[in-house]
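Next come the chains, spelled out residue by residue.
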Amino acid sequence: ATGAWLSGGALLSMGGLSALTAVLVTLAPRVTMAIPSSLLAVVAVSLLTNLCGIPATTLADVAGAETFRGGLGILPSFA
């Protein structure tokens, strides 16, 4: 159901992924300043969830797929 609160394993999974993202955002600038830490954290956690098959709740899961149905076609054209 869209808009439902997370519970159980999904809540623990998302909490862990969020904590990992926060840790990466904090520690990444100590390693490199070439890549923004927030970008590095989001890409790293996204790759981790996809490669390891970790269940993660997406915006489409929460808001419903119809929210994003417009795709890139709803953006204005500057050409």
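The model shown is predicted, which means the values in this text are computed figures rather than measured ones.

Turning to the overall build of the protein, a few remarks are in order. Of regular secondary structure, the protein possesses 3 helices and 0 strands. Starting at the N terminus, the α and β elements of the protein follow one another as α-α-α. For the protein, the residues scored as buried account for 11% of the 79 residues in total. If you take every contact in the protein between residues at least 6 apart in sequence, the share linking residues at least 24 apart comes to 56%. As displayed, the protein offers around 6100 Å² of accessible surface, 70% of which is attributable to carbon and sulfur atoms.

What follows is about the side chain of S37. Along the chain, S37 falls in helix α2 (residues 37-52). According to the relative accessible area criterion, S37 is buried, its value standing at 18%. Looking at S37, its side chain comes within polar contact range of the main-chain oxygen of V25, at 3.4 Å.

Quick reminder: α-helices carry 3.6 residues per turn. Residues three or four places apart thus point the same way. Its 16 residues give α2 an end-to-end C-alpha distance of 22 Å, which sits within 8% of 22 Å, the value for a rise of 1.5 Å per residue. Within α2 the residues assigned to the buried category are S37, A41, V45 and T49. Buried positions in α2, seen along its axis, are confined to an arc of 95° and lie on one side of it. In α2, those exposed residues whose orientation departs by more than 90 degrees from the buried face are N50 and L51. Residues of α2 that are buried make contact with α1 (8-31).

Among the structural elements, A60 can be located in helix α3 (residues 59-63). In contact with A60, other than residues within four places in its own chain, are A65 and F68.

The next subject is the confidence of the model for the protein. Taken over all residues, the pLDDT of the protein has a mean of 83, while the share at 70 or more is 89%. Ranking the helices and strands of the protein by mean pLDDT puts α2 first, with 93, and α3 last, with 75.

Definitions and cut-offs
Residues numbered from 1 in each chain as written. Predicted model: local features only at pLDDT ≥ 70, side-chain atom pairs only at ≥ 80, totals over all residues. Heavy atoms only, no water. Helix = DSSP H or I, 4+ residues; strand = E, 2+ residues; numbered from the N terminus. Buried < 20%, exposed > 50% of the residue type's maximum accessible area, 1.4 Å probe, protein only. Contact = heavy atoms within 4.5 Å. Areas by Shrake-Rupley, 256 points an atom, 1.4 Å probe, with all protein chains shown as cover. Polar contact = N/O pair within 3.5 Å; in protein donor to acceptor, adjacent residues only side chain to side chain. Expected span 1.5 Å × (residues − 1). Arc of directions from axis to C-beta. pLDDT = per-residue confidence, 0-100.

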